[in-house]
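What follows is the residue order along each chain.
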Amino acid sequence: MRWRYALGATLLLAVISFRIHGADSGNTDMRLYRWVDDHGVVHYADRIPPTQIDQGHTTLNREGVRTEVVPPAPTAEDIERAQALARQQVENARRAEEERVANQALLKRFRSLEDLILAREGRIAAVDAISQTTRDNIRLIQRRWRELHQQQASHKPTDPPLPATLSADIVRIEDQIRTAYTTIVTQEFQKVAIRAEFDQIQARYIALKSNTKPNVATLPLPAADVLARNMARCYGAETCQRDWERARAYLRALPDIREELNGSGLLMVMQQDDEEERLLTLVWIQQPTDAAVYLYLNLECKNRLTASQLCTNSAALTVRDGLRAALSDAN
């Protein structure tokens, strides 16, 4: 406690001296300043040394009562922190306003959760419509591919020569088939993205309706691999070639195969039982912008009595959906 007594005594002497000198000079507005130097020593005087101006000080009146506190001048680091804080506050305000406007627009766009679900299903249906057109085109191309292969396979040495363009036509059609299935896979990923987008929107909408804080960040995104159970993904030439051969073996081991067509990155097998005909097509899909290779297995059915294209054989559906599991079991 000695330092407190010493400091109090110093202040008392400074005030007494301040009063005496102030009275002698006749100046009733004189002020006393208190500051702490770089060594932590407290000073009292009627003037502040120039070197201490920016270090902060306290002003005392004639009675020694504090009348003003001047903080130290901000350093360059202080100014930078203050500017960064100001920028962050402006950014936070901008984001808050954007969120408010977006929330209002969301509530205005969908009057009920049913409206939101209908909008999602409408977006997906639009993609499905395009996919169906692509699939219809694939059927026509595949039919032509089969015709060319049958023409090539049935040719005998004694028959007239095959058209010179036959091999080139087969290669061109195979490329068209792979391109069309690439479009199908791309559209499936679009549907995944649509569902993910509307899952986020739905979480916000429910939170806004219940007047709680939206918590969309915790929602898991639907995995494309879960939705596309009939598709396997691989990386690297050696790994993908191994998986491709295993996928081919998986498909060729199916029972009741009555026809098989092989092409570059293509395998098509046809099954038939008492009720329906089934066409399974395995496709190697690789886009220049994507490092992955997708092995896609497509299933089409045709009821032999009703001509319905709805696949009813559960075993066939299991084969289509089991491609990835078959590849995993092989490893």
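As a reminder, the structure under discussion sits directly above these lines.
Read on for an overview of the structure. (Residues numbered from 1 in each chain as written. Predicted model: local features only at pLDDT ≥ 70, side-chain atom pairs only at ≥ 80, totals over all residues. Heavy atoms only, no water.)

Take the packing of helix α3 (residues 113-153) against helix α4 (residues 166-209) next. Helices that pack against each other are described as a pair by the angle of their axes relative to one another and the distance between those axes. Running from N to C, α3 and α4 cross one another at 170 degrees; their axes reach a closest spacing of 9 Å. With respect to α4, the element α3 is oriented roughly antiparallel. For the contact of α3 with α4, the residue count by class is 23 nonpolar, 12 polar and 10 charged. (Axes fitted to C-alpha atoms, helices over the stretch in contact; angles between N-to-C directions. Helix = DSSP H or I, 4+ residues; strand = E, 2+ residues; numbered from the N terminus. Parallel < 35°, antiparallel > 145°, perpendicular 65-115°, else oblique. Nonpolar A, V, L, I, M, F, W, Y, C, P; charged D, E, K, R; others polar.)

In this structure, D243 sits in helix α6 (residues 237-252). Within the local environment of D243, its side chain forms a polar contact with the side chain of R242, the two groups lying 3.2 Å apart. Non-local contacts of D243, meaning those with residues more than four positions away in its chain, are made with C234, L295 and L327. (Polar contact = N/O pair within 3.5 Å; in protein donor to acceptor, adjacent residues only side chain to side chain. Contact = heavy atoms within 4.5 Å.)

One pass over the structure, following the stated rule, counts three aromatic pairs. Note on F189 and Y294: the rings are 5.6 Å apart at their centroids and 65 degrees apart in plane angle, and the pair reads as edge-to-face. Remark: Y294 occurs in strand β9 (residues 293-303) and F189 occurs in helix α4; sequence separation between them is 105 residues. By relative accessible area, which is 9% here, Y294 ends up buried. On the numbers, 5.9 Å between centres and 80 degrees between planes, the contact of W244 with W284 is edge-to-face. (Phe/Tyr/Trp six-rings, centres within 6.5 Å; stacked < 30°, edge-to-face > 60°. Buried < 20%, exposed > 50% of the residue type's maximum accessible area, 1.4 Å probe, protein only.)

Further remarks concern the sheet that holds strand β2 (residues 42-45). Spatial ordering of the open sheet is given by β2-β1-β3-β4, a layout of four strands whose pairing is antiparallel. Looking at strand neighbours, the two that pair on one side only are β2 and β4 (66-70), the edges of this open sheet. Along the sheet, successive strands turn relative to each other by an average axial angle of 20 degrees, direction set aside. Judged from the four bridges that link them, strand β1 (residues 32-36) and β2 form a sheet pairing that is antiparallel. Paired with Y33 across the bridge in β2 is A45. (Pairing = 2+ DSSP bridges.)

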